[in-house]
Amino acid sequence: MKQLIIILTIVMSVPLAAQDKNKKEVFTVSGNCAMCQKRIEKAAIEVKGVKYASWDIPNKELTIIMDERKCNLDDVKKAIAHAGHDTELYTAADDSYNSLPPCCLYRDPESIKMEHHK
Amino acid sequence: MKQHQPTIIVLGRFLFFLFLVVGSKNVNAQLKIKGTVYANNNNNTLFPISGAKIHWLNDNISTITDSDGDFNIPYSKASKKIVISYTDFRNDTILANRPNLGKIILFPEIALEAVVVEERVNPLQRSLFEVQNVVTVDNREMLKAACCNLSESFETNPAVDVNISDAVTGAKQIQMLGLNSPYLLFTQENMPSIRGASQIYGLSFIPGSWIESIQITKGAGSVLNGYESISGQINSELVKPFTDKNLFLNVYANNYARFELNSRYNTEVTDKLATGLYIHGNLRTAKVDENGDNFLDTPLARQINFMNRWQYTDPENGWVGFFNIQYLKDEKQTGELDFVPKEDKFTTNAWGSEVNTSRLDLSSKIGYVFPDLPYQSFGVQMAYTDHDQNSYYGFNTYDIQQRSIYTNAIFNSIIGSTQHKYKTGISFTYDAFNELVNQQIYDRKDNSVGAFFEYTYNNLDKLSLVAGLRIDNHNRLHTFITPRLHIRYALWDKASIRASAGRGKRNANIFAENQQLFASSRQINIENNNGNTYGLSPETAWNYGISFTQKLYLWNRTMVLSADFYQTRFTDQVVVDWENPREISFYNLNGNSFANSFQFDFTYEIIQNLSVRATYKNYNVKTHYNNGELEKPLQPEHRFFANLNFETVKQPTGKQWRFDATLHWQGAQRLPNTSSNPLPYQLKAFSPSYSVINAQITRVFSNKFELYLGGENINNYTQNNPIVASNDPFGEYFDSTITYAPILSGIYYIGMRFKI
């Protein structure tokens, strides 16, 4: 029984100790509104290895949980940039950015004041 | 998150809201929220204010009201909450959960009274996003009926049909998709509740005022709750100590001398632990015989029902838990008017019956959400029930005792990402039945152990599906698998189509489920085929369904149209054959048996605060009996339902009027064959069609006190001779089981609710 407990403890602590399977990251992603939120979250979750993605509209922070063995933060940021949203490291290409709906054109400081209907 | 309510409740409460959110996100280009801002001066009179600022919380979109106090603002999903501000008046923040917020009343800065803004979500919710065909009924809907217990809470709801099982006990039975309640799975907070011994009377053991909401799922349910459900699942969520009112008191009385008392008391022991004490009592003392057949039209009854709940929530560490203890004692006496149990029991002085039940339920739930992994959790449910019924009907004795243990452990997580979720776990059920049917003893022990896996896919857009599989080993049903599948696809703007398929398997508890047979002179005939339960083989059926829901905004009000079709096809069934008036036969199906159900629903708010619901249902339920294929008896082919509801605008003090009226129309029902009876005891082949109208008025005097007054069957339609051979109850033709219409006419009631 004691050995079993030890084995179980080891087995269960491996993924926790390794810290790579469920790596939590929080970073800023530019965006404006609920439409941006959906686009950012979908871009992130569709990266293989990303398990969970949630973007907070007021503080523009994206929280993700990812498997570091399958992807890295750059992959996620690239995917988000590809969807048209800037992060610290990657700026969205003009054609992806320009294809966003007018209210989502966050680089224009005035856009946030627009009507964020869809 | 302070309240760890089951997801389904949260869904139920916010479906409309979700609908707005996702609907607008996906497709709607110009969803706007409108409303009118009024000021409340100190004389409690209202006037519209122009120039009040309207903006979204944490968002920059804003507008101001025009000269009539009206505003129109584009919907912001990001914010969800609207802030209304005006100089010298207190700001108001409202959850924007519908396109027209109606009157919004601002109070002067100095006013001490709380701001009253009504948050209105339709009390009957049909979701566009739920994968299964679920209708969620919240407690406001249940207030529309006198709603004394769970069986009566479906009277304003078209998804479920309420029938009366027999003319003696008056027990109400419910049906779904044209099948009786044994084919439904009843759960209380997702644990199987009304099953086996409590099948007939169990619905009257859950007081309406304890119920927070009901979720009605049509068709194959989830594999999480077992393999027994065939036509659907009805889950009732009870009020919870952390979220319920501190104190609730309800008294009710009707013109047939039925009295009810409901009280609830909740208190928080610590910030993580709360407890609630719920007591229900009902009493009926008057002997009623309006139809002059010398039999009570409704039983004399007494019930005391007690529950103590404990709720634990620790959001920081991810633990939640519930512990419940419920005890019930229920006594009914019925039969001939001058029947006195002590003197006349088991004599031919007078025909009488007593049904006495006591029941103890213990249940607990423990859940854990991994703090670092918001998508991963596990839960354990445990329940113990001791149900004891002692009864006699004339010279027939029927006692049943059932002791059950139920445990279920569920683990929730994801495969790769939150687009692919799964639930898996194991369950164990043990039932010990001791039955005494006249002189015959039927004892049996059932146990089953099973494992299940349910996968949910959601592409965050149009498609979602739930696929479940379970494998069980049962000492009587042996080893078998139960597959269930549900798919939802968003066809276009605010429309979704759903399909489901699944199989269910169960043992028929023939006596408990057809207890009304004892209130007749019918002989019991079981055609033994060497099956494992009463000599009969288990029942197996496939259920397939398709449904379509379209929501529309017409003149800024929501209209919901939905249609569904379901088919249940039995591969084996324990047929209950009433076709010989001298006997009741139970035998395994030899041929076809199916139930087709079509339903069309329409819901619309015609003018502000006046909403209408209408439903048409068509059933085709046929079974191959020993003497050929016949329509199921006492099952109308056509049913129509309409409900009108009007509410006045809630005043700042909480004052409000609510009016509600419901019409049920039932087409002709085939009656069991009585052609071999002597002429006076013969019934027609079909019952007449008829309507029943119920209505209720509620006057809310304040947020604490309301009074209600209503009538059931106010058009006074009753069945003429509900009991065959009521003049000769000990003769061979006596039969109280053929009930197709109400027995009581014009039930008028009054009641009050007090809550703080």
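- As annotated in an unreviewed UniProt entry, chain B carries the name TonB-dependent receptor and comes from Galbibacter pacificus.
- In the Sequence similarities (unreviewed entry) part of its UniProt record, chain B is described as follows: "Belongs to the TonB-dependent receptor family."
- Reading the Subcellular location (unreviewed entry) entry of the UniProt record for chain B gives the comment "Cell outer membrane".

- An unreviewed UniProt entry annotates chain A as Heavy-metal-associated domain-containing protein originating from Galbibacter pacificus.

A short note on the overall build of chain B
- For chain B, the helix and strand inventory stands at 4 helices and 43 strands.
- Against the globule reference of 27 Å for 756 residues, chain B gives a C-alpha radius of gyration of 27 Å, in line with a compact fold.
- With the principal axes as the frame, chain B shows a C-alpha extent of 80 × 60 × 50 Å.
- Within chain B, the proportion of its 756 residues that are buried is 47%.
- For chain B, contacts bridging at least 24 residues in sequence account for 62% of all contacts bridging at least 6.

A few points about the overall build of chain A
- Along the backbone of chain A there are 4 helices and 3 strands.
- Along chain A, helices and strands appear, N-terminal first, in the series α-β-α-β-β-α-α.
- In chain A, which comprises 118 residues, the proportion classed as buried is 35%.
- Considering only contacts within chain A whose residues lie at least 6 apart along the sequence, 53% involve residues at least 24 apart.

Overview of the sheet that holds strand β3 (residues 61-66) of chain A
All names here are of chain A.
- The strand order across the open sheet formed by 3 strands is β1-β3-β2, and the pairing between neighbours is antiparallel. In this open sheet, the two edge strands, each paired with only one partner strand, are β1 (23-28) and β2 (50-56). Averaged over all adjacent pairs, the angle separating strand axes in this sheet is 15°, with direction ignored.
- Of the pairings in the sheet, the one linking β2 to β3 comprises 6 bridges and is antiparallel in character. Note on β3: the bridge partner recorded for Val-50 is Met-66.
- Seen against the sheet, helix α2 (residues 34-45) touches β2 and β3 and runs at an angle of roughly 160° to β2.

Focus on the domain arrangement of chain B
All names here are of chain B.
- For chain B, the domain assignment lists domain 1 (31-106), domain 2 (126-236) and domain 3 (237-755).
- The C-alpha centroid of domain 3 is placed 4 Å from the C-alpha centroid of domain 2.
- Each partner contributes to the interface: domain 2 provides 58 residues, whereas domain 3 provides 105 residues.
- For the side of domain 2 that touches domain 3, the leading source of residues is strand β16 (residues 211-218), giving 4 residues.

Examining the sheet that holds strand β31 (residues 523-526) of chain B
Residues and elements named next belong to chain B.
- Here we have 3 strands laid out as an open sheet, ordered β31-β35-β34, and mixed in their pairing. Bordering the open sheet on either side are β31 and β34 (574-577), each of which pairs with just one other strand. Neighbour-to-neighbour, the strand axes of the sheet open up by a mean angle of 15°, direction not taken into account.
- As paired strands, β34 and strand β35 (residues 583-588) are joined by 4 bridges and run antiparallel to one another. Looking at β35, one finds that Asp-577 is bridged to Ser-585.

Remarks on the UniProt feature "domain: HMA" (unreviewed entry) in chain A
- UniProt tags residues 22-88 of chain A as "domain: HMA" (unreviewed entry).
- Span residues 22-88 of chain A is 33% helix and 28% strand, its end C-alpha atoms 22 Å apart.

Notes on the environment of Thr28(A)
Residue and element names in this part refer to chain A.
- Counting through the fold element by element, Thr-28 comes out in strand β1.
- Residues Thr-28 and Lys-42, 14 residues apart in the sequence, show an inter-C-alpha distance of 16 Å.
- Those residues in contact with Thr-28 that lie beyond four places of it in its chain are Lys-60, Glu-61, Thr-87 and Glu-88.

Details of the nonpolar core
- With 76 residues, the main nonpolar core has Trp210(B), Ile211(B), Ile216(B) and Val724(B) as its most contacted residues.
- The contact partners of Trp210(B), leaving out residues within four places of it in the chain, are Leu238(B), Val239(B), Tyr278(B) and Met307(B).
- In this structure, Val29(A), Ile64(A), Ile65(A) and Ala83(A) belong to the second largest nonpolar core, which totals 29 residues.

Examining the pairing of strand β21 (residues 300-314) of chain B
Residues and elements named next belong to chain B.
- Pairing analysis gives 12 bridges linking strand β20 (residues 273-284) to β21, with the strands arranged antiparallel. Looking at β21, one finds that Tyr-278 is bridged to Met-307.
- Hairpin connection from β21 to strand β22 (residues 319-335): 4 residues lie between these consecutive antiparallel strands, with Gly-318 at a positive phi of about 85°.

A word on helix α3 (residues 73-82) of chain A
- Considered for burial, the residues of α3(A) that qualify are Val76(A), Lys77(A), Ala79(A), Ile80(A) and Ala81(A).
- For α3(A), the secondary structure elements touched by its buried residues are α2, β2 and β3 of chain A.

Thoughts on the packing of α2(A) against α3(A)
All names here are of chain A.
- It is at 8 Å that the axes of α2 and α3 come closest, and there the two elements cross at 140°. It follows that α2 is oblique to α3 by the angle criterion. Taken as a pair, α2 and α3 cross one another with a handedness that is right-handed. Along the contact surface, α2 presents Ile-40, Ala-43 and Ala-44, while α3 presents Val-76, Ala-79, Ile-80 and His-82.
- For the contact of α2 with α3, the class distribution of residues is 6 nonpolar, 1 polar and no charged.

A few points about unusual backbone geometry
Residues and elements named next belong to chain B.
- A positive phi is found at Leu-634, a non-glycine position, where the angle reads about 55°.
- With respect to the helices and strands, the residue Leu-634 is situated in the loop between β38 (628-631) and β39 (638-647).
- With a phi angle near 55°, Asn-716 is a residue other than glycine that sits in the positive phi range.
- Take Asn-716: it is sitting in the loop between β42 (705-712) and β43 (747-755).

A closer look at the environment of Phe323(B)
Residue and element names in this part refer to chain B.
- Relative to the helices and strands, Phe-323 resides in strand β22.
- The sequence separation of Phe-323 and Ile-366 amounts to 43 residues, and the corresponding C-alpha distance is 8.7 Å.
- Those residues in contact with Phe-323 that sit more than four places away from it in its chain are Trp-310 and Ser-364.

Thoughts on α2(A)
Residue and element names in this part refer to chain A.
- Between its first and last C-alpha, α2 extends 16 Å over 12 residues, near the 16 Å set by a 1.5 Å rise per residue.
- Within α2, 10 of the 12 residues are buried, which leaves it mostly tucked inside the rest of the structure.
- All of the buried residues along α2 are Ala-34, Met-35, Cys-36, Gln-37, Arg-39, Ile-40, Glu-41, Ala-43, Ala-44 and Ile-45.

So, how was this worked out
- Residues numbered from 1 in each chain as written.
- Chains lettered and ligands numbered in written order.
- Predicted model: local features only at pLDDT ≥ 70, side-chain atom pairs only at ≥ 80, totals over all residues.
- UniProt positions renumbered as here; feature names shortened; annotations may be inferred.
- Helix = DSSP H or I, 4+ residues; strand = E, 2+ residues; numbered from the N terminus.
- Rg over C-alpha atoms; globule rule 2.2 N^0.38 Å.
- Buried ≥ 20, exposed ≤ 12 C-beta atoms within 10 Å, placed from the backbone.
- Contact = placed C-beta atoms within 7 Å.
- Pairing = 2+ DSSP bridges.
- Axes fitted to C-alpha atoms, helices over the stretch in contact; angles between N-to-C directions.
- Domains from an automatic or database assignment.
- Core = buried A, V, L, I, M, F, W, Y, C linked by C-beta atoms within 7 Å.
- Parallel < 35°, antiparallel > 145°, perpendicular 65-115°, else oblique.
- Left-handed = near helix turned anticlockwise from the far one by under 90°.
- Nonpolar A, V, L, I, M, F, W, Y, C, P; charged D, E, K, R; others polar.
- Expected span 1.5 Å × (residues − 1).

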